[in-house]
Amino acid sequence: MNVPWTPNVRYLLAAEFDNRYGPVVRYQYPTNIPGFAHHAPDDHGLFNLATLMLPTNAEYKTKGNADTTVFILYRNFDTGEYQLFPPEQVDEVLYFVNVVYAQDDESNARGTKIKAVALGTAMADFMAFRPFTQAVLDRYMVSQEGVDAVSYTHLTLPTTSRV
């Protein structure tokens, strides 16, 4: 019997606080989450996810220590799109473990850069991915390019999908 292989990590999101636009999701891998398409920062199309990923006062609460939050998206059976609140018929549930961190940055007008990375999986024991999410965030904090496909690819390799 051949069972199709599906990666445990379905999505990798990266958000940051933009001094002009507020919380913004900058990257979604491997594709945009259905129902949460990537829009221009001034469109605020990803406002809900970015707000979930970057909690209020994160610049004060996470200096020196990363903070972990959790959120859940539900796929609507009828539309195939994910949403924040469960519809009448749920097709799939995605659990996101999110790690957010603030770091002093003199080049930033606010004096702090705030970034977060969220990893989405259908696995109920999603907190097992917290160390991986932290490792991706560590790379994202020092990167000028942002979260890359390499991070997502490493998290979806068959060897790490057995976590």
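Just above, that's the structure.
Everything in this summary refers to the structure shown in the same document. Numbering of residues starts from 1 in each chain and follows the order in which that chain's sequence is written. This being a predicted model, a pLDDT of at least 70 is required before a residue's local features are given, and a value of 80 or more before pairs of side-chain atoms are given or counted; all residues contribute to the totals for chains, interfaces and linings. Excluded from the side-chain calculations are hydrogens and water; all other atoms, namely the structure's heavy atoms, are used.

With respect to the overall build of the chain
Then step 1. Check the secondary structure of the chain and you find four helices and six strands.
Then step 2. A helix here means a DSSP run of H or I that spans at least four residues, while a strand means a run of E at least two residues long, and both kinds are numbered starting from the N terminus. Traced from its N-terminal end to its C-terminal end, the chain shows the element sequence β-β-α-α-β-β-β-β-α-α.
Then step 3. A 1.4 Å probe rolled over the protein chains alone gives each residue an accessible area, and that area as a share of the maximum for its type sets the label: buried under 20%, exposed over 50%, partly exposed in between. Expressed as a percentage of the 163 residues in the chain, the buried residues total 41%.
Then step 4. Contact definition: two residues touch when any of their heavy atoms are within 4.5 Å. Summarising the internal contacts of the chain: among those between residues at least 6 apart in sequence, 57% fall at separations of at least 24.

A short note on the pairing of strand E1 (residues 9–18)
Then step 1. Counting buried positions over the ten residues of E1 gives eight, a clear majority of the element.
Then step 2. Bridge count for E1 against strand E2 (residues 22–29) is seven bridges, and the pairing is antiparallel. Counterpart to Asp18 in the pairing with E2 is Gly22.
Then step 3. From the end of E1 to the start of E2, which pair antiparallel, there are three residues. Should DSSP find at least two bridges between two strands, the strands are regarded as paired.

A few points about the nonpolar core
Then step 1. The biggest cluster of nonpolar side chains holds 21 residues, and the ones touching the most others in it are Leu13, Ile33, Leu49, Met53, Phe71, Leu73 and Phe96.
Then step 2. Those elements giving two or more residues to this core turn out to be E1, helix H1 (47–53), strand E3 (67–76), strand E5 (90–104) and strand E6 (112–121).
Then step 3. The greatest single-element share of this core, amounting to four residues, is contributed by E5.
Then step 4. Put simply, buried Ala, Val, Leu, Ile, Met, Phe, Trp, Tyr and Cys residues joined by side-chain atoms within 4.5 Å make one nonpolar core. Counting residues in each nonpolar core, the second largest holds 14 residues, with Ala14, Val117, Phe129 and Leu137 among its members.

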